Amino acid sequence: MNWWRRLLRRKQIEEQLDKELRFHLERQVADLIAGGHDPEQARRLARLAFGGPEQIKEECRDARGTRWVEDFGSDVRHALRGLRHNRGFAAIALLTLALGTGATTVMFSVVDGVLLKPLPYREAERLVAINGSTEKYGENWGFSYLDFLDVQRQSQSLDAAAWNYGGGTVSGHGEAEYIDGSAVSSGLFPALGIRLVRGRAFRPEEDRHEGSPVMIISSRLWQRRFGGAPEAIGSSLTLEGKSYTVVGIAPTVALFGDSDVFTPLGQSWADPRMQNRGSRFIRVIARIRSGASLASAQTELNLIGRRLAEQYPRFDAGHALIARPLGRELAGDVRPTLWLLLGAVGLVLLIACANIASLILARAVSREREIAMRAALGAGRGRLVRQSLTESLVLAFAGGGLGVLVAAVGIRPFVALWPGSLPRAEEIGFDWRVLLFALAASILSGAIFGLAPALRAPARELERALRAGARNVAASSRGVHGGFVVGQLALAVVLLVSAGVLGRTLLHLASLDPGVDLRNVVTARVAPAAATLTDAAAMRASWKEFLDQTRRVPGVERATLTDIVPMRAGQNFLPFSSTPEMPPPDRAPVALASCVTPDYLEVMGLRLKGGRFFTEQDRLDGVPVVVIDEVMAQHAFGRREAVGRQLWMPALSRAPVQVIGVVGHVRHWGLAGDDHSSVRDQVYYPLAQVPDRLMRLFSSLMSAAVRTKIEPSAVIDPWRRATLGSTGDRVLYEVRTLDELAGASLARQRFLLLLFGIFAGLALLLACIGLYGVLAYLTSRRVPEIGVRMALGANSHQVMWMVLRQSLWMICAGAGLGLLGAIAAARLLQRFVEGVGPAEPSTFGATMAALGVAALVAGFLPARRASRVDPIAALRQD
Amino acid sequence: MPRSNPKSDLPQGTLDLLILKIVSLGPVHGYGIAQRLQQVSRDVVQTPQGSLYPALHRLENRGLLAADWKETETGREAKFYRLTRKGRARLETEAASWQRLTEAVALILQMSEEGAK
């Protein structure tokens, strides 16, 4: 019989054991009677020979080998009984644990979904993202379409595929609506290994500008617009005025979480960037073919990169191609933030464990006599440790179970709260990995808070413990208790200082002047109408028409064009010099150059520091002019007046350009990021002076910005309609308000502060509860001693001081230890969160003050109670 | 049973061997084993009845013995133990090693007697 079957049939086995032993006794009695004894005597003799049946049964049970399981069962029942009797303790411990494990589990499931889980694609480890990289600016470059085609053609070890964000107004089969989409190369779905729900992927011949217009839609859109009907395949949908035939239904794809329509990238030929090798606007991923490795693929990419640089030095010189595992690439810069949060929440759980450990310890000390009694009755040390550990584990599992519930409820709201888009958010959820983690966290916390009390449990000096009354102050436990409180306080200090550092950072950042007036500005990228891209004059006329149409939109006050929008991704660096001799290209200073129209100053609310901004009179036939920001003025001319001076900027004109004005610096790289940017100089030049041959390139780069008199979101739709143009294909996309762009640049700091603030508050509260609990407990144990002291003449102040002194060393030790941890934590934050400076002493000071006050209050209450002890009552106690 | 009789305690571990031997003669219940132990050892060996049953259960647990509930000659149900194949193998090795041990001990004891002469 297996041990577990023996366990299941325990009752039957017990009955049989009883029957067997009874049979023995009765037979012996019968034999004795047969041998001439009278029945009474026979029974007595049989018993004597046999021994105690209960002891024999007990030994038989031991022999069965299932003893530990049965003990475990009875220990669990004992623990549950204990919790039921001690409701207050149970409630506090369970609540603390539920919140602790719950929060940790939520954080873990996010980390797991975003960072740890393999991508949901076939052989995801063979997928890479390919980025462009230059020595000066690192791996921040996308691909130009032409470069992508060359890489795709030349690579032997990679199946490369590309996509670009797209989308637009979809009509047909329901109301017209704006839908996010992606333009993808025909190889994308096969490379990712995605099987379409229905229909087929794009064919290579459809991935060309003359290919037949076909479209793949997401299953989400399929359900919404077609109700999941199979006839959707073959029907037509209109996207941005162009009719497409639906050929496939795609499942939700992690890379394109928001995309509902997919069109062939090669058909976006109307987008002028498609034919510009310098326009690095598409993203490239690739699957490493079997037989190749990441290293061999990289070697090949190096070769292709060098070949491209030789072939097209104007665009690709110094441009390297770097392949990175796709999962890592997708997680991007969320990685450190997530680990920081998981660490912080882990600290909270640790504090909670310490809290519960000291609670259990306090209970254990008051149960010392009970435990000593058990030991005296023969319970072994191992058995007592096991029982105590079982109690802790029961608590841990109950708390962990509640924590899982907390996490299950809390996970979605938490993800929704995340600022900006969390990569792979749709993959975050509850699965066996998360449950396994919760289980491990519960066991671990049970072990942490159960071990110290358990090891203490077997009473040393049994006899003394049994003889002593409650008067026996548990001096030995004071050290352990103090240790827990010190640990808790130290961890709380770490979290408090971290929150303080983040809070200061946020205050500092929010008080910074962005350099632009964020209110009532809407920005949008503009895709010009294809028909106007014929010659420079037509393009200029079309832009003028666009601005006029925009200004006529109700609510629009002013309108401007620019190729760079403050605080939005995108940059164009141009070298400059204040002398005619340019330094060599890799050493020339560069400035962020924005090509703008005259209204830019007013739309953005730049501050004019000197000179003037552009006017309609700054034309191609006039002197080339620029406006620079104060940072660039300082770099180029020092303290001397900049207005009226000349700069040499070969990218703009062969002749020197005239500085006609100086404006305030704009925090282009975000409120937080600007100070850390390697380039901070800014220069503006008029679109009107862009040479004719470059007009087409610039037309493809232009965004528009409007200052509104009314709520900015109200002008978006009328603006979109008013500027469609005579051919109806001039399109506004990536429409954002400046407020959104600025807010997004601080969102991470704000979110981190919120969470660290919550964690720190929780930690402080728990630590103070812990301090209070331990002091109250220790003090209550000392009541008889206090009674003696007071009877001998100590006054209440002296008694109070005696108790407070006890808390003071815990607070000081905790704060000291915590300070060391906090310095390390502040370093981590400084490294991983943009805009965080070195922690200032005042942050530490304020934190310590807050901790000190809170801890003293927690310590004061027991001290006051001690000072009010009635000596007579105290001496009579016990 | 008078307790004053001079009896030796069973050497450690030999109870199992004796039980296996007795059971090897045919299925038998616990009381039968106790009786047989007493008869065979002619009251020389103290058979602690208290440790008989735990030993039986232990042997059953290790798969050396198997048990069935059967009717006795008096018509009552009793638990009859029998030897398993594993038990028989164990009995043989144990018996052999016991044999070797006792021979060796006897040899040593004789030697010391000769030495004393």
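Residues numbered from 1 in each chain as written. Chains lettered and ligands numbered in written order. Predicted model: local features only at pLDDT ≥ 70, side-chain atom pairs only at ≥ 80, totals over all residues. Heavy atoms only, no water.

Our next topic: the overall build of chain B. Broken down by element type, chain B carries four helices and five strands. Moving toward the C terminus, one meets the helices and strands of chain B in the order β-α-β-α-β-α-β-β-α. Taking all 117 residues of chain B together, the buried fraction comes to 36%. By sequence separation, contacts in chain B at least 24 residues apart represent 52% of the contacts at least 6 residues apart. With an accessible surface of roughly 7,400 Å², chain B has 53% of that area assigned to carbon and sulfur atoms. (Helix = DSSP H or I, 4+ residues; strand = E, 2+ residues; numbered from the N terminus. Buried < 20%, exposed > 50% of the residue type's maximum accessible area, 1.4 Å probe, protein only. Contact = heavy atoms within 4.5 Å. Areas by Shrake-Rupley, 256 points an atom, 1.4 Å probe, with all protein chains shown as cover.)

Between chain A and chain B, the residue contacts involve 22 residues of the former and 22 residues of the latter. The three residues of chain A that bury the most area against chain B are Glu20(A), Phe23(A) and His24(A), which together make up 31% of that side's buried surface. Counting the contacts that link chain A with chain B gives three salt bridges. The salt bridge partner of Lys79(B) is Glu20(A), with a shortest N-O separation of 3.9 Å. (Buried area = accessible area lost by both parts, 1.4 Å probe. Salt bridge = Lys/Arg side-chain N within 4 Å of Asp/Glu carboxyl O.)

Right, let's get into helix H9 (residues 219-226) of chain A. Since the α-helix packs 3.6 residues into each turn, any two residues three or four apart lie on the same face. Residues and elements named next belong to chain A. Among the residues of H9, Ser219, Leu221, Trp222, Arg225 and Phe226 are the ones counted as buried. Taken around the axis of H9, the buried residues stretch over an arc of 155°, which confines them to a single face. The positive-phi residue at the C-terminal boundary of H9 is glycine 227, with phi of around 60°. (Arc of directions from axis to C-beta.)

What follows deals with a positive patch on the surface. All names here are of chain A. Judged by side-chain charge, Arg77, Arg81, Arg84 and Arg87 come together as a positively charged surface patch. If you tally residues by element for the positive patch, the top one is helix H5 (residues 67-85), at three residues. Positionally, arginine 77 belongs in helix H5. (Patch = residues over 30% accessible without salt bridge, like charges linked within 9 Å, V, L, I, M, F, W, Y side chains within 5 Å. Lys, Arg positive; Asp, Glu negative; His and termini not counted. Charge placed at Lys NZ, Arg CZ, Asp CG, Glu CD.)

Before going further, it helps to examine the pattern of salt bridges. In total, this model carries 27 salt bridges over all chains according to the counting rule given. The salt bridge involving Lys19(A) is made with Glu77(B); its shortest N-O contact spans 2.9 Å. With Lys19(A) in helix H2 (residues 10-34) and Glu77(B) in strand E5 (residues 77-83), the pair connects residues from two separate chains. Overall, the relative accessible area of 31% leaves Lys19(A) in the partly exposed class. Given the relative accessible area of 38%, Glu77(B) is considered partly exposed. Asp147(A) is paired through a salt bridge with Arg277(A); the nearest N and O atoms lie 2.6 Å apart. Separated by 130 residues along the polypeptide, Asp147(A) in helix H7 (residues 145-154) and Arg277(A) in the loop between strand E9 (261-264) and strand E10 (283-288) bring together distant segments of the chain. Since its relative accessible area comes to 4%, Asp147(A) is described here as buried. For Arg277(A), a relative accessible area of 8% puts it in the buried group. Here the residues in one salt-bridge network are Lys544(A), Asp548(A), Arg551(A), Arg558(A) and Asp599(A), joined through shared partners.

All right, on to the packing of helix H24 (residues 738-781) of chain A against helix H25 (residues 783-791) of chain A then. Residues and elements named next belong to chain A. It is at 4 Å that the axes of H24 and H25 come closest, and there the two elements cross at 60°. One finds that H24 runs oblique with respect to H25. Residues Thr779, Ser780 and Arg781 of H24 pack against Val783, Pro784 and Ile786 of H25. Of the residues assigned to the contact of H24 with H25, the class counts are three nonpolar, two polar and one charged. (Axes fitted to C-alpha atoms, helices over the stretch in contact; angles between N-to-C directions. Parallel < 35°, antiparallel > 145°, perpendicular 65-115°, else oblique. Nonpolar A, V, L, I, M, F, W, Y, C, P; charged D, E, K, R; others polar.)

This paragraph deals with the packing of aromatic side chains. Within this structure, the stated rule accounts for eight aromatic pairs over all chains. Pairing Tyr685(A) with Phe698(A) gives two aromatic rings, centres 6.3 Å apart and planes at 85°, and the pair type is edge-to-face. With Tyr685(A) in strand E20 (residues 682-686) and Phe698(A) in helix H22 (residues 695-701), this residue pair connects regions lying 13 residues apart in the sequence. As far as burial versus exposure is concerned, Tyr685(A) and Phe698(A) are alike and both buried. One aromatic cluster is present, formed by Tyr600(A), Phe613(A), Phe614(A) and Tyr684(A) through successive ring pairs. The ring centre of Tyr312(A) lies 3.4 Å from the NZ or CZ of Arg277(A), which sits over that ring. Above the face of the Phe80(B) ring, Lys70(B) is positioned so that its terminal group lies 5.5 Å from the ring centre. (Phe/Tyr/Trp six-rings, centres within 6.5 Å; stacked < 30°, edge-to-face > 60°. Lys NZ or Arg CZ within 6 Å of the ring centre and 35° of its normal.)

Let us look at the environment of Leu496(A). All names here are of chain A. Inspection of the secondary structure puts leucine 496 in helix H18 (residues 475-510). Sequence-wise, leucine 496 and methionine 848 are 352 residues apart; in three dimensions their C-alpha atoms are separated by 8.8 Å. Not counting the four nearest positions on each side in its chain, leucine 496 is found in contact with Ala760, Leu764, Thr847 and Leu851.

Residues and elements named next belong to chain A. Counting 67 residues, the largest nonpolar core has Leu338 and Leu341 as the members making the most contacts within it. Of all the secondary structure elements, the ones that give two or more residues to this core are helix H6 (87-116), helix H13 (334-366), helix H15 (381-417), H18, H24, helix H26 (796-832) and helix H27 (841-867). By residue number, the principal contributor to this core is H24, which donates 16 residues. Residues Leu647, Val662, Tyr685 and Val706 belong to the second largest nonpolar core, which totals 44 residues. (Core = buried A, V, L, I, M, F, W, Y, C linked by side-chain atoms within 4.5 Å.)

Predicted confidence across chain A gives a mean pLDDT of 81, with 89% of residues reaching 70 or more. Counted against residues more than four places away or in other chains, residues 470-474 of chain A, with its pLDDT under 50, gives 15 contacts. (pLDDT = per-residue confidence, 0-100.)

Glancing now at the side chain of Glu391(A). All names here are of chain A. By secondary structure assignment, the location of glutamate 391 is in helix H15. For glutamate 391, a relative accessible area of 16% corresponds to the buried category. For glutamate 391, the residues in contact, after removing those within four places along its chain, are His78, Ala79, Arg363 and Arg367.

This part takes up the packing of H2(A) against helix H2 (residues 30-40) of chain B. If you want to describe how two helices pack, look at the angle between their axes and the distance between the axes. With their axes 8 Å apart at the nearest point, H2(A) and H2(B) run at an angle of 50° to one another. Between H2(A) and H2(B), the angle falls in the class oblique. Seen from H2(A), the contacting residues are Phe23(A), His24(A), Arg27(A), Gln28(A) and Asp31(A); seen from H2(B), they are Gly30(B), Tyr31(B), Ala34(B) and Gln35(B). Residues that form the contact of H2(A) with H2(B) fall into these classes: three nonpolar, four polar and two charged.

Taken in spatial order, the three strands line up as E2-E5-E4 (chain B) in an open sheet, and their pairing is antiparallel. In this open sheet, the two strands that pair with only one neighbour each are strand E2 (28-29) and strand E4 (65-71) of chain B. With two bridges connecting them, E2(B) and E5(B) associate as antiparallel partners. Opposite Val28(B), over in E5(B), you have Tyr81(B) as the bridge partner. Its contacts with the sheet place H2(A) against E2, E4 and E5 of chain B, and it is angled at close to 100° to E5(B). (Pairing = 2+ DSSP bridges.)

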